[in-house]
Amino acid sequence: MKEKILTGALAALLTFGGLSTPVAADSQEILVDDVWARATIGVSRPAAVYFTLRNTGGDAVKLIGFETTIAKRAEAHRLKIDANGISTMEPAGEILLRPGNDLVFEPGGLHIMLMGLQEPLVEGDSIQLDLLFDDGGRMPVNVRVRGIAARGPRN
Amino acid sequence: MRRRAILGYGVAGVGAVALMLFVGWWQVDGAGGPEPVGQRPVALTEMDFRLTDHEGNAVGPETLIGRPTMAFFGFTYCPDVCPTTLSDISGWLDDLGDEAGEMNVVFITVDPERDTVETMAEYVGYFHPAIRGWTGPEEQIARVADGFHATYERVPTESGDSTMNHSASVFLFAASGRFVTMIDYHEPREFAVPKIRRALEEETEGAT
């Protein structure tokens, strides 16, 4: 009987452990690199933030939102160029990060749009952007502001 | 009886007109028509528009004749495509070196409401000095886009602002005004720079 209770307790522990620990760890397996944004002229124009994410874990993780104190809204957008060369932008929605994969946010593809800037993005400064994941994880990212004519994180 | 005959002729007439319309459509727009030329712009010499550059000078298609031209559309409130294209172009011009000074490079806004002459001046100042910013009244911008067979469209955003969908290609013209080719959005430098050289060389051929 005692043994049975113990087993039950152990099973419960394992179950909860099995549910919570790896899930909470999923977004902790995400690495971020090459984080940058272009400086803005004033606050009336939107800004775009770029970075590369790598999921080093064994499970897929979903990126569900973004928060920053520098803008009223931060959203993932995807640029599309159609067969006639017309560019359009659309919200990217939730973004799946497959295990072992890189996800690149770069000019001409995915980017985080910062809308309703509270202050301009100044070259040389850094801003903080929080990435929110579907497991409840929040990852603060330091974004280095580069010049308006920057082409990437390093050039 | 007679009435019926008239009705019959009427039906036949309508049928004939419909057939003619169909044949016309088939030949012009339908599958029976010639291969579409695509989105190629007409020659600069066939365009007619009046704009203002970022230094306040009156400009038009004739401003571009005599030197090869690289032109593209955008707007300064554009967070991704336009700064990327402007940076790409700045890089291509750096690669071309002295030759860059032999061409016109024009950034034409599709958002003249927000992109005034002053706004264009401030914006182009961040990129290669050869890049000129052109703006003007809405109806003149529409004429430019017609000539280029380019399209643009204002799209409201959730926040109450607006963004623009627009042709993202870079257009190349020879010194004669003849359209040469297009560089696609974010096309790698190793493809873009030879295309620009083609437009530059065409000028030399035309001159000799």
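In the annotation of an unreviewed UniProt entry, the entry for chain B reads Electron transport protein SCO1/SenC, and the organism field reads Pseudooceanicola lipolyticus. Taken verbatim from the UniProt record of chain B, the Sequence similarities (unreviewed entry) comment is "Belongs to the SCO1/2 family."

Under an unreviewed UniProt entry, the name given to chain A is Copper chaperone PCu(A)C, and the organism recorded is Pseudooceanicola lipolyticus.

(A) Spatial organisation of the overall build of chain B. Assigned secondary structure in chain B consists of 6 helices and 9 strands. Out of the 208 residues in chain B, the part that is buried amounts to 48%. Long-range pairs, those at least 24 residues apart, make up 68% of the contacts in chain B with a sequence separation of at least 6. Surface summary for chain B: the accessible area is close to 10,600 Å², and the carbon and sulfur share equals 56%.

(B) Broad picture of the nonpolar core. Judged by nonpolar contacts, the single largest core of 90 residues is most densely connected at Phe 51, Ile 112, Leu 114, Leu 129 and Leu 131 of chain A together with Met 70 of chain B. Element by element, the count of residues in this core is highest for helix α3 (residues 81–96) of chain B, at 7 residues. Beyond its immediate stretch of four places on either side in the chain, Leu 114 of chain A contacts Pro 46, Ala 47, Val 49, Thr 68, Ile 70, Ala 71, Arg 73, Ala 74, Ile 127 and Leu 129 of chain A.

(C) Representation of the sheet that holds strand β2 (residues 58–59) of chain B in the model. Residues and elements named next belong to chain B. Pairing is mixed across the open sheet formed by 7 strands, whose spatial order is β2-β1-β5-β4-β3-β8-β9. Sheet topology places β2 and β9 (179–183) at the edges, where each strand pairs with a single neighbour. Pairing analysis gives 2 bridges linking strand β1 (residues 51–53) to strand β5 (residues 131–135), with the strands arranged antiparallel. In the strand pairing of β5, Thr 52 is matched with Thr 135. Running over the sheet, α3 touches β3 (69–74), β4 (104–109), β5, β8 (170–173) and β9 and is turned about 165° from β3. Lying on the sheet, helix α5 (residues 138–148) is in contact with β1, β3, β4, β5 and β8; it crosses β3 at an angle near 120°.

About the thresholds
Residues numbered from 1 in each chain as written. Chains lettered and ligands numbered in written order. Predicted model: local features only at pLDDT ≥ 70, side-chain atom pairs only at ≥ 80, totals over all residues. Heavy atoms only, no water. UniProt positions renumbered as here; feature names shortened; annotations may be inferred. Helix = DSSP H or I, 4+ residues; strand = E, 2+ residues; numbered from the N terminus. Buried < 20%, exposed > 50% of the residue type's maximum accessible area, 1.4 Å probe, protein only. Contact = heavy atoms within 4.5 Å. Areas by Shrake-Rupley, 256 points an atom, 1.4 Å probe, with all protein chains shown as cover. Core = buried A, V, L, I, M, F, W, Y, C linked by side-chain atoms within 4.5 Å. Pairing = 2+ DSSP bridges. Axes fitted to C-alpha atoms, helices over the stretch in contact; angles between N-to-C directions.

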